[in-house]
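So the chains spell out like this:
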There are 2 protein chains.
Amino acid sequence: MKVFAKSSRKAIRVLPTVQPGYLRPLIPDEAPQQPEKWEDVMADVERVIMPGVTHWHSPKFHAYFPTANSYPAIVADMLSGAIACIGFTWIASPACTELEVVMLDWLGKMLDLPQEFLACSGGQGGGVIQGTASEATLVALLGAKAKTMKRVKEEHPDWDDHTIVSKLVGYTSNQSHSSVERAGLLGGVKLRGLKADENLKLRGETLEKAIKEDLEAGLIPFYVVATLGTTNTCAFDRLDEIGPVANQYKVWVHVDAAYAGSAFICPEYRYLMKGIETADSFNFNPHKWMLVNFDCSAMWLKEPYWIVNAFNVDPLYLKHDMQGSAPDYRHWQIPLGRRFRALKLWFVLRLYGVDNLQAHIRRHCGFAKQFEALCVADDRFEIFGEVQMGLACFKLKGSNELNEALLKRINGRGNIHLVPSKVNDVYFLRMAVCSRFTETSDIDYSWKEVSAAADELLAEQKK
Amino acid sequence: MKVFAKSSRKAIRVLPTVQPGYLRPLIPDEAPQQPEKWEDVMADVERVIMPGVTHWHSPKFHAYFPTANSYPAIVADMLSGAIACIGFTWIASPACTELEVVMLDWLGKMLDLPQEFLACSGGQGGGVIQGTASEATLVALLGAKAKTMKRVKEEHPDWDDHTIVSKLVGYTSNQSHSSVERAGLLGGVKLRGLKADENLKLRGETLEKAIKEDLEAGLIPFYVVATLGTTNTCAFDRLDEIGPVANQYKVWVHVDAAYAGSAFICPEYRYLMKGIETADSFNFNPHKWMLVNFDCSAMWLKEPYWIVNAFNVDPLYLKHDMQGSAPDYRHWQIPLGRRFRALKLWFVLRLYGVDNLQAHIRRHCGFAKQFEALCVADDRFEIFGEVQMGLACFKLKGSNELNEALLKRINGRGNIHLVPSKVNDVYFLRMAVCSRFTETSDIDYSWKEVSAAADELLAEQKK
């Protein structure tokens, strides 16, 4: 297999030009009574769908973070579609559960996760494939909630559930992903967004100060999310400081490494996960940066029983004789049903091999550095924050309005696609390396686009 | 396309004989450093995976409810894997959002849902594809919670959120799926399991009595789940009674028709959804009985803004210029990321056509009736409850222990697979018609297996 084969490059816009509502007039109002022909349906994919697709896998796509796409993952998904079992319990398809258990061990070893997270250690811990990092954050929050409520009830047998819930407080950084705040809303608990330091990292002393304040106010700290690789700037919270503080106060530590976690398969990046032994749960998305098609969000828990027991509803039609001998993953997640997603992981790990996956990560990191060098060499621009992993944040020296105009112009030209972010009221542009087809020349091209847009904009402003 | 083509029938057990832990020794302890060959990986699918697969698509599989599998859905999923966009917002891939909006209209029209549920009506309502019915139940519960909390806060400005949540109470039948109870646990609210009537249907007067009791006790009724087609026996709650009662007391009505909802594409079954106009949300799984591979759970909401607004976290990197002109489905669901699942629906609806999908439903219903006739003709057996849709519940006349022994013997023979259930302390066997390849001869075969197991069991007991 050619691992980094160049894709065929058609000259299409990375971002489509369609307007909201474009699709409805292109197809009938109702489903057909009689079957149509395959040829007609496939032709409509070109006519109806492709004009409205944003091309996440174009080397010119630099928005959000990457989403994965590879032949091994697609073939494995086809197999999963053909087998089409639902793996909610062990007996519902033993291979589905068992491959997942072992794949999460393979992957955990690739990241050098502590033994307590691995099923092969023979302890309580283990991994599971969630659909998304958002779900992992929510599942961890619910586990933390269950664990703390049990402890508090023992300490205060007279307090009812709602009294305890009303006192719970969790923590995260003001740099964490929107899904963390959302998990708090969904879970019905307070989550405080603590201020990150000047390098956009959440620090241990900030957490400790907040915990002490809250304890003094009669609240019950129960959960902290440390982000390794924030969406805004790919900043890394100081897990080595946060973890010990949280452990001391019996606060569940969840690590959200959705994007950057893939980089921990390379030993040289593992210093960024220092303190991982203090975590209760860890999550990253092979479906972002590790060539496994969406959805495949890997999550490990040291004590999965807090999730399993807290929401365990066990009707007869789902019981089986082997209960307890193998995980019934339905208890580890929000949904009941689940696809055979471990196949994707198995195929990708075997058909690329660890070496090639490491090479993929290192290439992307190199491309971000290449972009950084181009940017730094142009006096009009500056890098925002530190370039980490495959993300370079940058801006024109000047106002937010100037940079908003720059982004609008870049995206308007239609050749590359970026999204912005804002930190401490500073608006900047995010250049994420996304495609597995990206080459040095693509980064040069993208920089030229940025530079040309700046030329236009600044020339106009001088008029 | 041969719509009901016979599959190639190898003589394999529907339920595998592997024991927990079978898989780990069959593969290495770690991922390979270097890429392996496709041939080796594909060979391992046969060696490692297939011996541990439960064959949900065998005509001899009668457990749980069906899960769908069809060529159109698999091909569409391949396309979805190849395009591999993430459709969290409209701009992230307009086709992904727009096809979903229109497909949910197509599907809603096929079921003759009230206009208020359809986006094409121009009102607030519309549909969305969730991963599973469990998530739909939870999303509806969270919407109902948000709506009621707003109302109660206006009535009692001095009450805080936790006080209100502690008073909320929802309702469902004691026959509803385990995921409903679980949604209550996940959402942190009380859910009462009300007693169904002698036909296992939840009745309006039962709901009204419970609401009145709770109001008198100072609680706040906010949510009721009516099940159309329960997992135990495929009983249908009396939505025509429940709905008006719930509407009167401002209680959100969610309809869980996960399995049986597919049957409403046939006009002759729509009497079972009488009262649908009183519902606030409706959900069924095309991935169960309508030939769309998992996952594709269709959900409609009359007022999606209760979900959209309640958990709306809106960071700059997810904003776009077209916000408000088209749904951003990230607000309609628990996860952030989402695959291009509407393609599966589009392909299945067009390549089968409504006529063939109706024929599929009617064939399955006929097979259940065929099984019922065979069962009724055997004096040793009796049907439990009413045979509805593709499910026949039955038992040997006699004790629970006798029937537990019968099920154990049937599954032990390994030729067909069933799961049991228990209602009002009566243990019975569920014979669900699952495969799209099922033929009359398969039902005869399955009945012979049941009968032969009974012969053995009863002969042994006479000794």
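Each value, and the rule that gives it
Residues numbered from 1 in each chain as written. Chains lettered and ligands numbered in written order. Predicted model: local features only at pLDDT ≥ 70, side-chain atom pairs only at ≥ 80, totals over all residues. Heavy atoms only, no water. UniProt positions renumbered as here; feature names shortened; annotations may be inferred. Helix = DSSP H or I, 4+ residues; strand = E, 2+ residues; numbered from the N terminus. Contact = heavy atoms within 4.5 Å. Pairing = 2+ DSSP bridges. Axes fitted to C-alpha atoms, helices over the stretch in contact; angles between N-to-C directions. Buried area = accessible area lost by both parts, 1.4 Å probe. Salt bridge = Lys/Arg side-chain N within 4 Å of Asp/Glu carboxyl O. Polar contact = N/O pair within 3.5 Å; in protein donor to acceptor, adjacent residues only side chain to side chain. Nonpolar A, V, L, I, M, F, W, Y, C, P; charged D, E, K, R; others polar. Phe/Tyr/Trp six-rings, centres within 6.5 Å; stacked < 30°, edge-to-face > 60°. Buried < 20%, exposed > 50% of the residue type's maximum accessible area, 1.4 Å probe, protein only. Expected span 1.5 Å × (residues − 1). Bend = angle between axes of the 7 residues up to and from the residue.

**Student:** Is there a simple way to explain the UniProt feature "modified residue: N6-(pyridoxal phosphate)lysine" (unreviewed entry) in chain A in this structure?
**Tutor:** All names here are of chain A. Here the UniProt-annotated "modified residue: N6-(pyridoxal phosphate)lysine" (unreviewed entry) positions come out as Lys 288. One can find Lys 288 in helix H9 (residues 286-289). Setting aside residues no more than four positions away along its own chain, Lys 288 makes contact with Phe 65, Pro 66, Thr 67, Ala 68, Ala 258 and Tyr 259.

**Student:** It is not clear to me how the sheet that holds strand S7 (residues 297-301) of chain A should be interpreted in this structure. Could you clarify?
**Tutor:** One key point about sheets: their strands pair by backbone hydrogen bonds, in either a parallel or an antiparallel sense. Residue and element names in this part refer to chain A. The 7 strands are arranged S1-S7-S6-S5-S4-S2-S3 in an open sheet whose pairing can be described as mixed. Of all the strands in the sheet, just strand S1 (126-130) and strand S3 (190-194) have a single pairing partner and so form its edges. Strand-to-strand twist in this sheet, taken as the mean axis angle between neighbours without regard to direction, amounts to 20°. Sheet topology places strand S2 (residues 168-173) next to S3; 5 bridges connect them, and they run parallel. Across the sheet, Tyr 171 pairs through a bridge with Arg 192, a residue of S3. Its contacts with the sheet place helix H8 (residues 239-248) against strand S4 (220-227) and strand S5 (252-256), and it is angled at close to 155° to S5.

**Student:** What am I meant to see in the side chain of Asp256(A) here?
**Tutor:** Checked against the element boundaries, Asp256(A) lands in strand S5. Not counting chain neighbours up to four residues away, the residues in contact with Asp256(A) comprise Ala133(A), His177(A), Val180(A), Val225(A), Ala226(A), Thr227(A), Leu228(A) and Asn283(A).

**Student:** Sorry if this is basic, but what is going on with the interface of chain A and chain B here?
**Tutor:** Interfaces are often sized by the accessible area lost when the parts come together. Counting from both sides, the interface comprises 127 residues of chain A and, opposite them, 127 residues of chain B. Summed over both sides, the interface of chain A with chain B buries roughly 10,700 Å², with 67% coming from carbon and sulfur. Between Glu36(B) and Arg350(A) there is a salt bridge; the shortest N-O distance is 2.8 Å. Between chain A and chain B we count 48 residue pairs in polar contact (both at pLDDT 80 or more) in total. Those elements that provide at least two residues to the side of chain A that touches chain B are helix H1 (38-49), helix H2 (71-83), helix H3 (94-110), helix H4 (133-155), helix H5 (161-167), helix H6 (178-187), helix H11 (342-376) and strand S10 (419-423) of chain A. Partitioned by chemical class, the residues of the side of chain A that touches chain B number 77 nonpolar, 29 polar and 21 charged.

**Student:** What is the right way to read the packing of aromatic side chains from this model?
**Tutor:** Note on aromatic pairs: each is described by the distance of the centres and the angle between the planes. Inspection of every chain in the model, using the stated rule, returns 40 aromatic pairs over all chains. Ring centres 5.1 Å apart and planes at 20° place the aromatic pair Trp56(A) and Tyr64(A) in the stacked group. An identical accessibility class is assigned to Trp56(A) and Tyr64(A); each is buried. Pairwise contacts between aromatic rings join Trp56(A), Phe61(A), Tyr64(A) and Phe88(B) into one cluster.

**Student:** Even after reading the chapter, I still don't get H11(A), so can you show me in this structure?
**Tutor:** One turn of an α-helix holds 3.6 residues; hence residues three or four places apart share an orientation. Residue and element names in this part refer to chain A. Helix length check: H11, at 35 residues, gives a terminal C-alpha distance of 42 Å against a target of 51 Å (1.5 Å per residue), a shortfall beyond 12%. At Gly 353, H11 shows its maximal kink, close to 90°. Burial analysis of H11 places 25 of its 35 residues in the buried class, which makes it a mostly covered element.

**Student:** Hey, could you run me through the side chain of Arg341(B) in this one?
**Tutor:** Residue and element names in this part refer to chain B. If you trace the backbone, Arg 341 turns up in the loop between helix H10 (305-310) and helix H11 (342-376). A polar contact of 3.1 Å, which involves the side chain of Arg 341, links it to the side chain of Asp 295. Arg 341 has contacts with Ile 129, Gln 130, Gly 131, Asp 295 and Gln 333, leaving out every residue within four places of it along the chain.

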